[in-house]
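Fold and geometry: a report
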Amino acid sequence: MDKLGHRDRLREKLLNSKIGSLPDYELLEALLCIALPRRDTKNLAKELIKKFGSFAKVVTAEEEALLEVNGIGNTALSCFRLTKEASLRLIKEELNNKPVLSSWQSVLNYSRVLIGHANKEMFVVFYLNNQNILIAEDIYDYGTVDQVSIYPREIAKRALFLNASAIILAHNHPSGETKPSKSDVEMTNNINTVLKTFNIRLHDHVIISDKNFYSFKTAGLL
């Protein structure tokens, strides 16, 4: 097969297709063409999709897992990282300088891109001012496969430093099951208790997976 001709056809298909219409493997193949200009990337793209499940799961996968695939190196990792960062910037634009409670779907979308596809638990704290406008966010270190350690006093200390009036918590469940565990509930209650001491409101705690979410507030747990 004429590799250059195939790439030209793929590039033309990408440019002429409707947004969102390309299958995952072709989109990934096009991205890999940029990272690996001298390699046949069609089979590599299909291998990655088979291993991780989707385009989104590939570009958000752990670097160590990606490097286990023959043909993936730092250049490909950089392309994947750039794709994720660009996606985050596009979604976060919808949150900038506006009350996040009126852009709730954007909060969920942003959280999903940020942590929803990770294979270990991650925890994000969104800090809001008195107009519920996002002023900062913190991503806590990776935990184990099913646990991440969060200290309520650290969150309160950071909120006071930022002069935040409210926060939103989000963390992921790599299993895909978004129902909170007993420790999730206890942790949320502990954080809420500490925040109340400083008159800081906990608007919600959201558990995110790659497809679903669970809201503590909607469930009546806050």
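In the block above lies the structure referred to throughout.
Residues numbered from 1 in each chain as written. Predicted model: local features only at pLDDT ≥ 70, side-chain atom pairs only at ≥ 80, totals over all residues. Heavy atoms only, no water.

Taken in spatial order, the five strands of this open sheet run S2-S1-S3-S4-S5, and their pairing is mixed. Of all the strands in the sheet, the pair left with one neighbour each is strand S2 (134-140) and strand S5 (213-215). Neighbour-to-neighbour, the strand axes of this sheet turn through a mean angle of 20°, independent of strand direction. Here strand S1 (residues 123-128) runs beside strand S3 (residues 166-172); their pairing, made up of six bridges, is antiparallel. Bridge pairing links tyrosine 127 to isoleucine 167 in S3. Taken strand by strand, helix H7 (residues 104-116) contacts S1, S2, S3, strand S4 (201-208) and S5, and its axis lies near 50° from that of S4. (Pairing = 2+ DSSP bridges. Helix = DSSP H or I, 4+ residues; strand = E, 2+ residues; numbered from the N terminus. Axes fitted to C-alpha atoms, helices over the stretch in contact; angles between N-to-C directions. Contact = heavy atoms within 4.5 Å.)

By the element assignment, phenylalanine 123 lies in strand S1. Residue classification places phenylalanine 123 among the buried residues on the basis of a relative accessible area of 0%. Between the C-alpha atom of phenylalanine 123 and that of leucine 95, which follows or precedes it by 28 residues, the distance is 19 Å. (Buried < 20%, exposed > 50% of the residue type's maximum accessible area, 1.4 Å probe, protein only.)

Counting 22 residues, the largest nonpolar core has Leu28, Leu32, Leu48, Leu66, Ile72 and Phe80 as the members making the most contacts within it. Among the elements of the structure, helix H2 (24-35), helix H3 (42-52), helix H4 (55-59), helix H5 (63-66) and helix H6 (74-92) are those that each provide at least two residues to this core. Each residue touching leucine 28, except ones within four places of it in the same chain, is listed here: Ala45, Leu48, Ile49, Phe55, Val58 and Phe80. Residues Ile91, Tyr110, Val113 and Ile115 belong to the second largest nonpolar core, which totals 18 residues. (Core = buried A, V, L, I, M, F, W, Y, C linked by side-chain atoms within 4.5 Å.)

Attention now moves to the packing of H2 against H3. Helix-helix packing is characterised by the crossing angle of the two axes and by the distance between the axes. One can describe the packing of H2 onto H3 by two numbers: an axis separation of 8 Å at closest approach and a directional angle of 125°. In terms of orientation, H2 and H3 fall into the oblique class. When the axes of H2 and H3 are compared, the crossing they make is right-handed. When H2 is examined against H3, the residues Asp24, Tyr25, Leu28, Glu29 and Leu32 are found in contact with a partner set consisting of Lys42, Leu44, Ala45, Lys46, Leu48 and Ile49. (Parallel < 35°, antiparallel > 145°, perpendicular 65-115°, else oblique. Left-handed = near helix turned anticlockwise from the far one by under 90°.)

With that settled, the discussion passes to the packing of aromatic side chains. The tally for this structure, following the rule as stated, stands at three aromatic pairs. Between tyrosine 110 and phenylalanine 126, the ring centres sit 6.2 Å apart and the planes meet at 55°, which makes this aromatic pair tilted. A residue pair is termed long-range when its members are at least 10 positions apart, and tyrosine 110 in helix H7 and phenylalanine 126 in strand S1 qualify at 16 residues. Per residue, the accessibility class of tyrosine 110 equals that of phenylalanine 126, and both read buried. A centroid spacing of 5.9 Å and a plane angle of 85° characterise the contact between tyrosine 214 and phenylalanine 216, whose relative ring orientation is edge-to-face. It is arginine 158 that lies over the ring of tyrosine 127; its NZ or CZ is 6.0 Å from the centre. (Phe/Tyr/Trp six-rings, centres within 6.5 Å; stacked < 30°, edge-to-face > 60°. Lys NZ or Arg CZ within 6 Å of the ring centre and 35° of its normal.)

Turning next to the packing of H6 against H7. Relative to each other, H6 and H7 sit at 170°, their axes nearing to 9 Å. Here H7 runs roughly antiparallel to H6, going by the angle between their axes. Taking contact as the criterion, the partners of Lys84, Ser87, Leu88, Ile91 and Lys92 in H6 are, on H7, Ser106, Asn109, Tyr110, Val113 and Leu114. Split by residue class, the contact of H6 with H7 holds five nonpolar, three polar and two charged. (Nonpolar A, V, L, I, M, F, W, Y, C, P; charged D, E, K, R; others polar.)

Attention now goes to the pattern of salt bridges. By the definition in use, this model includes seven salt bridges. Between arginine 81 and glutamate 85 there is a salt bridge, and its shortest N-O distance comes to 3.0 Å. In this pair, arginine 81 and glutamate 85 both sit in helix H6, four residues apart, roughly one turn of the helix. Here arginine 81 falls in the partly exposed class, since its relative accessible area comes to 49%. Among the ionic pairs, arginine 89 bridges to glutamate 85, the shortest N-O distance being 2.8 Å. One end of the pair, arginine 89, and the other, glutamate 85, are both in helix H6, four residues apart, so they sit about a helical turn from each other. (Salt bridge = Lys/Arg side-chain N within 4 Å of Asp/Glu carboxyl O.)

Taken by themselves, the reported measurements are silent on function.
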